[in-house]
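Working through the structure, step by step
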Amino acid sequence: MADIDRARLLESVPTELFIGGKWAPARSRATFEVVDPASEEILVRVADASSEDGIAALDAAVDAAAGWAATPPWKRADLLRAAYDAILARREEIATLITLEMGKPLAESRGEVDYGATFFRWFSESASRMHLEGAYGTEPGGGYKIMTYKRPVGPTLLVTPWNFPLAMGTRKIGAALAAGCTVVIKPAEQTPLTMLLFAEVMREAGLPDGVLNVITTSDAAGVVAPIMADPRLRKISFTGSTQVGKLLLGQAAEGVLRSSMELGGNSPLLVFDDADIDAAVDGATMAKMRNGGESCVAANRIYVQSGVLEEFTRKLAERLGSFRTGHGLEEGVTLGPLIDGEQRAKVVRLVDDAVDKGATVVMGGEVPSGAGHFYPPTVLRDVPRDAAMHDEEIFGPVAAIYSFDTEREAIERANDTPYGLASYLFTRDLSRAVRVAEALDTGMTGINRGVVSNPAAPFGGIKESGLGREGSSEGIEEYLETKYIGMQL
Ligand code: NAP
């Protein structure tokens, strides 16, 4: 078990709304329950915001906007850096909370805290520099002077999913705050606790009131729509499904809001005959099993060249067979539950459908009895093109293996999707590696590695996987606009 006392942690975790630097219940006093997906026990109840609470959070972000934008960049940078240290100082607590409400094994939750915190380090380093980006010069006709500079977009709404309860928030918050924007964040209903504890950490680190506001709700649509319709809001940054992303883009059109969208994926992973098969199995295991498969960049379709199909499939099944399923706080557990019954039912439906259409079960595929939304590591081979899992995100520990013969076929099949988030390929041939990486229609490609996320790299997708990038030097640009001043001297 983890070192943190679970009962004490749950007693001390904030459960109210964080608005204008203060904790307060929902106006209606309503609450909703947060459930441990591994035991199905109720952990705590948290405030259930209404649309009035949502607008109150926006009021606070608007009130704080001018002061935060005018805060000297070094002061903002120092605060972000202090927040980075403060998150890491509470690493065990935050990680335990992630495991309790989301289910992933504690070691992975610790990894998420490290990854999530790093955005504050990264963006603290950018906070003071972007204010010097701009131009000063004479217009080509020689008539007057052109001056440009970057300024914050303004009050921003952030909406995040449950699969990385800390990092999907901090990847946005770090960039927004560094740019000088104030924010309202709405975490997912299933995992509100991590973001609430994070807000308390930020408060203790000295973040001014109103710069960060957190609203938790069981009525996402009812709370988000009025904020989106408020003309004081200047930006939406969303991470979640493509379906909800399209809906929010429609709402954003009304106010012509700046929009950043990190949406769904359907990542292909290609293994060529000339690959180092053990390295490919390592990479595929990471790309498939990280976060129990509940990741937007999870390898959803694994394409293996026919010459190495048998060896790769056998070795991947051996590797996935070594995972130990259980409560993520138990020692030695490497695979937690899925987030809820609905997600498990979806995985069951996709596996049954693939098998009905001709896929072979190499291992797994049986739903265990008992409490918790567990699903075993599963390997399917000979998955046909018309299987629903070819086109839908599995979001579970199911490796779907397809075979191919030629490089051209592999590329065509990998790109046969409206999504374009991540892709992976394994080969020892450098020319092929670069050629195939360039031909894959995705925002990110891993060559001989199964993980691409890094705060210094631009994370994001093309096609229906999204708009904009998070992390890297581009992440902060999402929260900035260019102001041009023409000067007649
Ligand atoms: P989701 O259903 O789209 O929910 C994401 C967020 O949107 C949650 O906070 C949710 O609130 C909120 N929401 C739902 N319906 C809404 C509405 N009508 N109006 C406003 N907000 C609404 O996605 P999910 O199931 O939580 O997350 C899984 C998806 O996220 C997958 O498709 C995955 O690929 C994607 N994802 C993408 C990235 C990326 O960087 N590209 C990263 C992680 C995940 P409630 O929780 O209260 O419903």
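The text that follows walks through the structure, step by step, so that each part is easy to find. For clarity, every value in this text was computed on a predicted model and none was experimentally measured.

Some thoughts on the site of the ligand
- The local shell around the ligand holds 30 residues, among which Thr 160, Ser 241, Leu 263, Cys 296 and Glu 393 are the closest.
- In this structure, an oxygen atom belonging to the ligand sits 3.3 Å away from a side-chain N or O atom of Glu 262.
- In the complex, the protein chains occlude 86% of the 910 Å² of accessible area that the ligand would expose alone.
- Mapping the ligand onto the cavity grids shows that it belongs to the largest pocket.
- Looking at the shell around the ligand, the elements with two or more residues in it are helix 6 (167-179), helix 8 (220-229), strand 10 (235-239) and helix 9 (242-255).
- Broken down by class, the residue content of the shell around the ligand amounts to 18 nonpolar, seven polar and five charged.

As for helix 7 (residues 193-204)
- For helix 7, which comprises 12 residues, the first-to-last C-alpha distance of 17 Å matches the rise-based estimate of 16 Å (1.5 Å per residue) to within 8%.
- Of all the residues in helix 7, the buried ones are Leu 193, Thr 194, Met 195, Leu 196, Leu 197, Phe 198, Ala 199, Glu 200, Val 201 and Met 202.
- Positive backbone phi, at 105°, marks Gly 206, one or two positions downstream of helix 7.

Considering the pattern of salt bridges
- A complete count under the given rule lists 37 salt bridges for this structure.
- As a salt-bridge pair, Arg 27 and Asp 53 come within 3.5 Å of each other at their nearest N and O atoms. A residue pair is termed long-range when its members are at least 10 positions apart, and Arg 27 in the loop between strand 2 (22-24) and strand 3 (31-35) and Asp 53 in helix 2 (residues 51-70) qualify at 26 residues.
- For Arg 27, a relative accessible area of 58% corresponds to the exposed category.
- Its salt-bridge partner being Asp 353, residue Lys 357 comes within 2.7 Å of it at the nearest N-O pair.
- Through salt bridges with shared partners, a single network forms among Asp 274, Glu 407, Arg 432 and Arg 435.

Considering the pairing of strand 5 (residues 134-138)
- When strand 5 meets strand 6 (residues 145-152), the two strands line up antiparallel, connected through five bridges. In the strand pairing of strand 6, Gly 137 is matched with Ile 146.
- Linking strand 5 back to strand 6 in an antiparallel pair, the connection comprises six residues, with Gly 142 at a positive phi of about 80°.

Some details on the environment of Pro 208
- Among the structural elements, Pro 208 can be located in the loop between helix 7 and strand 9 (212-214).
- Those residues in contact with Pro 208, other than ones at most four positions away along the chain, are Trp 68 and Leu 79.

Definitions and cut-offs
Residues numbered from 1 in each chain as written. Predicted model: local features only at pLDDT ≥ 70, side-chain atom pairs only at ≥ 80, totals over all residues. Heavy atoms only, no water. Near = heavy atom within 4 Å. Polar contact = N/O pair within 3.5 Å; in protein donor to acceptor, adjacent residues only side chain to side chain. Areas by Shrake-Rupley, 256 points an atom, 1.4 Å probe, with all protein chains shown as cover. 1 Å grid on protein atoms, 1.4 Å probe; cavity = no way out; pocket = protein on both sides within 12 Å on 5 of 7 lines; lining within 4 Å. Sits in = over half its atoms within 2 Å of the grid points. Helix = DSSP H or I, 4+ residues; strand = E, 2+ residues; numbered from the N terminus. Nonpolar A, V, L, I, M, F, W, Y, C, P; charged D, E, K, R; others polar. Expected span 1.5 Å × (residues − 1). Buried < 20%, exposed > 50% of the residue type's maximum accessible area, 1.4 Å probe, protein only. Salt bridge = Lys/Arg side-chain N within 4 Å of Asp/Glu carboxyl O. Pairing = 2+ DSSP bridges. Contact = heavy atoms within 4.5 Å.

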